[in-house]
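Residues per chain, in single letters:
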Amino acid sequence: MKSANTPSILSKIIYDKQVEVALKKQLISESELRAAAMFKRSGISLSARLRNSDTGIIAEHKRRSPSKAVINQSLSLSEVAKGYEKAGACGMSVLTEGKYFGGSLEDLQLARASVNLPLLRKDFISDPYQLLEAKAHGADVILLIAAALSPGHTKELALQANDLGLEVLLEVHTAAELDSHLNDYCHMVGVNNRNLKTFEVSVETSKSLAEVIPDSFVKVSESGISDEKTITALRPYGFRGFLVGEHFMRTEDPGQTARQFINSLKQTAL
Ligand SMILES: O=C(O)c1ccccc1NCC(=O)[C@H](O)[C@H](O)COP(=O)(O)O
């Protein structure tokens, strides 16, 4: 059993990420990142797409994870991205964390070159430098995880992201995190159904937090979604976005799996 002093997986990931960012800052300066062609690009709004969608799928590219180890390491990211776009996903989430998820910023850049979907940089962000990286590699949205940041830090990063033309998805696990961290620079609130200490997944987490998320923010349910019924059960709670990773990525053709999933959702929306 873990003692109270055992660092959680989230604090380990954040610590490693901060070390990595400190090294990267020595290799690539902020002004080099700002000089990237992508800096001139106008972002695509994921929140607007979710508000106007009957299905609301944000399809994720995820090779492995702390909870599942290997999911799928043999796919072409470009083919996965094109498959998701063809399937009718509202947006794509690209895990750019390397050590625990097997992703990279090159994955984000390749996704940008492959599709016109809004792209979420899914990573563990605690430094403004990472916002510049996200913009320079073609992201439209960044994730801020309340459990990993103080409320003040969250607000600062969200404001800086907005200044770069990036939308913000704030991830919460509890009503207390929502209460302390939500600010006007966020566009979407993602309720993570995965407990990052035990890795247990329960969509009840989304249901229980739905009513405390103000309607001005797009509600997104994240993790552990593997059937259409879960989505039809979450819609009456006001959820408009559904982040799906493993369910698509564990198949040989994630785009095709996403297409069947989205088509079946469209049938139920009729
Ligand atoms: O997925 C994990 O094991 C994990 C562990 C620790 C921190 C974050 C983690 N996942 C990131 C995500 O938020 C999910 O990739 C995303 O919500 C999709 O979840 P799923 O559909 O269950 O793959």
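Residues numbered from 1 in each chain as written. Predicted model: local features only at pLDDT ≥ 70, side-chain atom pairs only at ≥ 80, totals over all residues. Heavy atoms only, no water.

1. So, the pattern of salt bridges
Reasoning step 1: This structure, assessed with the given rule, holds 14 salt bridges.
Reasoning step 2: The closest approach of N and O atoms between D127 and K25, which form a salt bridge, is 2.8 Å. Within this pair, whereas D127 is found in the loop between β5 (119–122) and α6 (128–136), its partner K25 is found in helix α1 (residues 9–27), the two being separated by 102 residues in sequence.
Reasoning step 3: Accessibility expressed as a relative area gives 18% for D127, which makes it buried.
Reasoning step 4: For K25, a relative accessible area of 36% puts it in the partly exposed group.
Reasoning step 5: Linking D140 and R41 is a salt bridge whose minimum nitrogen-to-oxygen distance equals 2.6 Å. Note that D140 is positioned in the loop between α6 and β6 (141–145) and R41 in the loop between α2 (30–34) and α3 (46–51), a separation of 99 residues in sequence. (Salt bridge = Lys/Arg side-chain N within 4 Å of Asp/Glu carboxyl O. Helix = DSSP H or I, 4+ residues; strand = E, 2+ residues; numbered from the N terminus. Buried < 20%, exposed > 50% of the residue type's maximum accessible area, 1.4 Å probe, protein only.)

2. Considerations on the site of the ligand
Reasoning step 1: Lining the immediate surroundings of the ligand are 18 residues, of which E60, K62, S67, K122 and S223 lie closest.
Reasoning step 2: S223 has a polar side-chain atom sitting 2.7 Å from an oxygen atom of the ligand.
Reasoning step 3: Within the contact set of the ligand, an oxygen atom lies 2.8 Å away from a backbone nitrogen or oxygen of E246.
Reasoning step 4: Against a free-state accessible area of 510 Å², the protein chains account for coverage of 98% of the ligand. (Near = heavy atom within 4 Å. Polar contact = N/O pair within 3.5 Å; in protein donor to acceptor, adjacent residues only side chain to side chain. Areas by Shrake-Rupley, 256 points an atom, 1.4 Å probe, with all protein chains shown as cover.)

3. A short note on the confidence of the model for the chain
Reasoning step 1: For the chain, the mean per-residue pLDDT works out to 95, and 97% of the residues sit at or above 70.
Reasoning step 2: Confidence drops under pLDDT 50 across residues 1–5; counting only partners more than four residues distant or on other chains, this segment forms one contact.
Reasoning step 3: If you check the scores for this complex, the pTM reads 0.96 and the ipTM reads 0.97. (pLDDT = per-residue confidence, 0-100. Contact = heavy atoms within 4.5 Å.)

4. Structural notes on the environment of A59
Reasoning step 1: If you trace the backbone, A59 turns up in strand β1 (residues 57–61).
Reasoning step 2: The buried category is assigned to A59, whose relative accessible area is 0%.
Reasoning step 3: Spatially, the C-alpha atoms of A59 and F242 are 8.3 Å apart, while their sequence positions differ by 183 residues.
Reasoning step 4: Ignoring any residue separated from it by four or fewer positions in sequence, one finds A59 in contact with Y84, A89, G91, M92, S93, V244 and F248.

5. As for the packing of aromatic side chains
Reasoning step 1: Counting across every chain of the model gives three aromatic pairs.
Reasoning step 2: Here F248 and F261 contribute two aromatic rings whose centre-to-centre distance is 5.4 Å and whose plane-to-plane angle is 85 degrees, an arrangement assigned as edge-to-face. You can see F248 sitting in helix α11 (residues 246–249) and its partner F261 sitting in helix α12 (residues 254–269), a full 13 residues away along the chain.
Reasoning step 3: Assessed through its relative accessible area of 0%, F248 is described here as buried. (Phe/Tyr/Trp six-rings, centres within 6.5 Å; stacked < 30°, edge-to-face > 60°.)

6. Re the nonpolar core
Reasoning step 1: Counting residues in each nonpolar core, the largest one holds 60 residues, and the members touching the most others are I57, Y84, M92, I142, L144, V172 and F248.
Reasoning step 2: Grouped together as the second largest cluster of nonpolar side chains are 22 residues, I9, I14, I58 and L95 included. (Core = buried A, V, L, I, M, F, W, Y, C linked by side-chain atoms within 4.5 Å.)

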